[in-house]
Amino acid sequence: MTNRRQIPDDAMSVEAEGFDRRTLLKGAAALAATAVTTQAASGETVPPLGQTGTPSRATAPLPLGPLPGSRYPDSHLESAHPKTSFGPAGFPAFAGTMAVERVATGFRWAEGPVYFPAGRYVLFSDIPNNRIMRFSEDDGHVSVYRQPSMNSNGNTIDREGRLLTCEHSGRRVTRTELDGSITIIADKYNGKRLNSPNDVVVASDGSIWFTDPVYGIGGFYEGVKATPEQEKHNVYRVDPKSGDIKVVVDDFVEPNGLAFSPDEKKIYIIDTGFTDGPDNPSHIRVFDVDLAAGKLSNSKVFAEMPKPSITDGLRTDRDGRVWCSVGWGDPNEDGVRCYTAEGDLLGKIHIPETVANLCFGGQQRNRLYICGSSSLYAVYTSVQGALKP
């Protein structure tokens, strides 16, 4: 607004100096119109970056602590080869005086856990609430690590202790640097946007491997609805030196969780294509890995899931066993399954919610953290998670 005191009282003196009042006013009006036009041209309307957080607090959250009915040995641990002697036979989830515990609750869909040993905390995604949560292992404190998180899903940690995240609404894989800045690792392939990166792992040579199904762009609950730009639902590798992105597998219906064997000679990748149709797979595939060349070969089915259940995420332990989530189908199958490296079922951990993902943590890497639907669970095991993320 013009300050009237800046306008000379004697208008004639202004005209005498070569200014005309009408011309001045017309010029000011034109200038204002130009400013509005310029602002409209430079402004851009963008949609919200996913659902903003609306935590569910209408009812009391689930109780924390050991699950109801727990005793030693915990009946929530089921061995595939039961025996009458002390503890489940051959099933390394049993660790003595322990039980499955609910350590945090109150989320809409918990996913993608990763453990940070330097801080003794677990980060995990609460996808619909568009946030990454932090569970501090030393005192059980729960807090928001990042919001919005671009509807983050899978997370992992690299050798430098940096967080890598798959983002649904961002349709990208990012790395959080040690100073807190965020680097985009991958958001396009062949000039087209990725679908919605789901899970990610980092090999010892620094290469980054991730899956790219379409779950995060299927609606507005766990991302932003959009049309897929990638014709196929691929598994990708990012070169550690050049940053180049290439497809390593292109024949999945819906590639999901993935994990390397401890020696990195094999990689396990989940196909949850059953969500798209009853004739599609619900299983884990295993490939031979040529890490130096960045190539996979000799694909075969490692384990079938009991339809209509699916597995969503998996980890390996130091002895090569495979631990995977189970959910979405028979409630009696909700939880975790453990397989030998040869694909034989060793046992199950029963959880009272659909389980999406899991990771090993704790100071000895012997505590299994489990993301159920609305809660984070934990159980001590008699094994250690593979040292590679």
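Structure first, text after, so check above.
Trainee: What am I meant to see in the overall build of the protein chain here?
Mentor: The secondary structure content of the protein chain amounts to two helices and 28 strands. Considering the protein chain as a whole, with its 389 residues, one finds that 52% of them fall into the buried category. Partitioning the contacts of the protein chain with sequence separation of at least 6, the portion at a separation of at least 24 is 50%. Surface summary for the protein chain: the accessible area is close to 18,500 Å², and the carbon and sulfur share equals 52%.

Trainee: Got a minute to help me understand the pairing of strand 27 (residues 367-372) in this structure?
Mentor: A regular strand places its side chains so that they alternate between the two faces of the sheet. Most of strand 27 is tucked away: six of the six residues are buried. Of the strand pairs in this sheet, strand 26 (residues 355-361) and strand 27 are connected by six bridges, and their pairing is antiparallel. Paired with Asn357 across the bridge in strand 27 is Cys371. If you look at the hairpin formed by strand 26 and strand 27, you'll find five residues sitting between the two strands, and Gly362 has a positive phi there, around 85 degrees. Of the pairings in the sheet, the one linking strand 27 to strand 28 (residues 375-380) comprises five bridges and is antiparallel in character. When the sheet's bridge partners are listed, Ile370 is paired in strand 28 with Tyr377. Adjacent in sequence and paired antiparallel, strand 27 and strand 28 are bridged by two residues.

Trainee: I tried to follow the environment of Cys324 on my own but got confused; where do I start?
Mentor: Mapping Cys324 onto the fold places it in strand 23 (residues 322-326). Those residues in contact with Cys324, other than ones at most four positions away along the chain, are Ile284, Met305, Thr311, Gly313, Leu314, Gly335, Val336, Arg337, Tyr339 and Leu358.

Trainee: Whenever I open this one, the sheet that holds strand 6 (residues 131-136) confuses me. Can you help?
Mentor: Consider a sheet: its strands pair through backbone hydrogen bonds, and that pairing is either parallel or antiparallel. Pairing within the open sheet is antiparallel, and its four strands lie in the order 4-5-6-7. Either end of the sheet is taken by a strand with one partner, and the two such strands are strand 4 (110-116) and strand 7 (142-146). Recorded for the sheet is a direction-independent mean angle of 30 degrees between the axes of neighbouring strands.

Trainee: Looking at this structure, how should I read the sheet that holds strand 1 (residues 65-66)?
Mentor: The five strands are arranged 1-3-28-27-26 in an open sheet whose pairing can be described as antiparallel. Each edge of the open sheet carries a strand with a single partner, namely strand 1 and strand 26. As paired strands, strand 1 and strand 3 (residues 101-105) are joined by two bridges and run antiparallel to one another. Counterpart to Gly65 in the pairing with strand 3 is Arg102.

Trainee: I would appreciate a short explanation of the nonpolar core in the present structure.
Mentor: Within soluble globular proteins, side chains that are nonpolar generally end up buried alongside one another. Formed by 21 residues in total, the largest nonpolar core has its most connected members in Leu77, Phe91, Val100, Trp323, Ile349, Leu368 and Ile370. Secondary structure elements with two or more residues in this core: strand 24 (335-339), strand 25 (345-350), strand 26, strand 27 and strand 28. The element that contributes the greatest number of residues to this core is strand 26, accounting for three residues. Apart from the residues lying within four places of it in its own chain, the contact partners of Leu368 are Trp323, Val336, Ile349, Leu358, Cys359, Phe360, Tyr377, Ala378, Val379 and Thr381. With 15 residues, the next largest nonpolar core counts Val201, Ile267, Leu291 and Leu296 among its residues.

Trainee: Explanation requested: the side chain of Ser196 in the structure shown.
Mentor: Looking at the secondary structure, you find Ser196 in the loop between strand 13 (192-193) and strand 14 (200-202). In this structure Ser196 comes out as buried when scored by relative accessible area, which is 1%. Within the local environment of Ser196, its side chain forms a polar contact with the backbone oxygen of Pro213, the two atoms lying 3.1 Å apart. For Ser196, the residues in contact, after removing those within four places along its chain, are His168, Asp212, Pro213, Val214, Tyr215, Gly216 and Ile217.

Trainee: Just to check I follow, could you spell out the pattern of salt bridges for this structure?
Mentor: Side chains that differ in sign of charge can pair as their charged atoms come close. Across all of its chains, the model carries 18 salt bridges by this definition. Asp158 serves as the salt-bridge partner of Arg162, at 2.8 Å between the closest nitrogen and oxygen. The exposure class of Asp158 is buried, given its relative accessible area of 8%. Shared partners join several salt bridges into a network, and the residues in it are Asp158, Glu160, Arg162, Arg175 and Glu177.

Trainee: Please explain the packing of aromatic side chains as it appears in this structure.
Mentor: Two numbers describe a pair of aromatic rings. These are the distance of the centres and the angle of the planes. Scanning the entire structure with this criterion turns up twelve aromatic pairs. With a centroid separation of 5.7 Å and an interplanar angle of 90 degrees, the aromatic rings of Trp323 and Phe360 are classed as edge-to-face. Taken together, the residues Trp323 in strand 23 and Phe360 in strand 26 connect sequence positions 37 residues apart. Through a chain of ring-to-ring contacts, three or more aromatic side chains come together here, namely Tyr115, Phe135 and Tyr369. The ring of Phe252 carries Arg285 above its face, with NZ or CZ at 4.2 Å from the centroid.

The rules we used
Residues numbered from 1 in each chain as written. Predicted model: local features only at pLDDT ≥ 70, side-chain atom pairs only at ≥ 80, totals over all residues. Heavy atoms only, no water. Helix = DSSP H or I, 4+ residues; strand = E, 2+ residues; numbered from the N terminus. Buried < 20%, exposed > 50% of the residue type's maximum accessible area, 1.4 Å probe, protein only. Contact = heavy atoms within 4.5 Å. Areas by Shrake-Rupley, 256 points an atom, 1.4 Å probe, with all protein chains shown as cover. Pairing = 2+ DSSP bridges. Axes fitted to C-alpha atoms, helices over the stretch in contact; angles between N-to-C directions. Core = buried A, V, L, I, M, F, W, Y, C linked by side-chain atoms within 4.5 Å. Polar contact = N/O pair within 3.5 Å; in protein donor to acceptor, adjacent residues only side chain to side chain. Salt bridge = Lys/Arg side-chain N within 4 Å of Asp/Glu carboxyl O. Phe/Tyr/Trp six-rings, centres within 6.5 Å; stacked < 30°, edge-to-face > 60°. Lys NZ or Arg CZ within 6 Å of the ring centre and 35° of its normal.

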